[in-house]
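These are the residues of each chain, in order.
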Amino acid sequence: MGVPLFETERLLIRPFELSDLGVIHRLLDPDCDCQGGSRPHSGALALRDRWLRWTELSYDELDRLHQPPYGDRAVVLKDSGAVIGAVGYAPSLKAFGQFPTWAGSAGPRRSLRAPEVGLFWSVVPEHRGRGYAAEAAQALIDYAFQVMEVARMVASADYSNASSLRVMEKLGMRIERNAFDEPPYLQAIGVLDNPAAP
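1. A few points about the sheet that holds strand β6 (residues 152–157)
Thinking step 1. Read from one edge to the other, the open sheet built from eight strands follows the order β1-β2-β3-β4-β5-β6-β8-β7, with strand pairing classed as mixed. On the outer flanks of this sheet lie β1 (6–7) and β7 (174–177), each paired with one strand and no other.
Thinking step 2. Bridge count between β6 and strand β8 (residues 188–193): six bridges; the pairing is antiparallel. Looking at the pairing, Arg-152 lines up with Asp-193 of β8.

Shown next as structure tokens:
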């Protein structure tokens, strides 16, 4: 299947490259003053470099194994070439039985995990609030539904992450809340069904 390139009105979505290490560090550690002169902790930067190398290797390996194009992609502004974020697919194995869409698995089986195709996004702070996350995520949704023929996409966020919940709403996702306190990382999800699904 390979790693597809996506182009939207304002964005190019491409595989990450090793030269993207600085922006990756800013995405994963938004409190880092990476442009203002303070240097990131060398241990944190080494971990991010390792992650970036693993990500780059995974593109070819997933394709070689005929697996879906999971992983992160760089979100690039077409007019300037600046990398401003990340978007991607992730295998998502979570306790979805705790949410209304999966209500049939309520009761003792509610904590069992179910595999879904997850969608995620992140934009550096100075470019947030301009619709880039939704624009990039929509390109991946279109590909997942039309080419990969995925039946459903999911995204998760904390209740307090209002901006991610707004992106989910812009994408047309149903936002569902976990009726249970556990797990803490799975308290709100967005669910979008493929319109072609029966």
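Text resumes after the structure shown.
2. Digging into the layout of surface pockets
Thinking step 1. Volume-wise, the largest pocket comes out at about 740 Å³.
Thinking step 2. Looking at the largest pocket, it is lined by 36 residues, and the ones nearest its centre are Phe-120, Trp-121, Ser-122, Asn-161 and Ser-164.
Thinking step 3. Of all the secondary structure elements, the ones that give two or more residues to the lining of the largest pocket are α1 (21–28), β4 (83–94), β5 (114–123), α3 (132–146), β6 and α4 (162–170).
Thinking step 4. The dominant element in the lining of the largest pocket, judged by the number of residues it contributes, is β5, at six residues.
Thinking step 5. For the lining of the largest pocket, the class distribution of residues is 20 nonpolar, ten polar and six charged.

3. Comments concerning the pattern of salt bridges
Once the charged atoms of two side chains with opposite charge are near each other, the side chains can pair.
Thinking step 1. One pass over the full model with this rule turns up nine salt bridges.
Thinking step 2. For Arg-53, the salt bridge identified is with Asp-49, shortest N-O distance 3.0 Å. Placement of the pair is Arg-53 and Asp-49 together in helix α2 (residues 42–64), with a separation of four residues, close to one helical turn.
Thinking step 3. Notably, a salt bridge pairs Arg-174 with Glu-176, separated by 3.4 Å at the nearest N-O pair.
Thinking step 4. Of the residues examined, Glu-176 reaches a relative accessible area of 7% and is grouped as buried.
Thinking step 5. Here the salt bridges do not stand alone but share partners, grouping Arg-14, Glu-17 and Asp-20 into one network.

Conventions and cut-offs
- Residues numbered from 1 in each chain as written.
- Predicted model: local features only at pLDDT ≥ 70, side-chain atom pairs only at ≥ 80, totals over all residues.
- Heavy atoms only, no water.
- Pairing = 2+ DSSP bridges.
- Helix = DSSP H or I, 4+ residues; strand = E, 2+ residues; numbered from the N terminus.
- 1 Å grid on protein atoms, 1.4 Å probe; cavity = no way out; pocket = protein on both sides within 12 Å on 5 of 7 lines; lining within 4 Å.
- Points joined across faces, edges and corners; volume = space filled by probe spheres on them.
- Nonpolar A, V, L, I, M, F, W, Y, C, P; charged D, E, K, R; others polar.
- Salt bridge = Lys/Arg side-chain N within 4 Å of Asp/Glu carboxyl O.
- Buried < 20%, exposed > 50% of the residue type's maximum accessible area, 1.4 Å probe, protein only.

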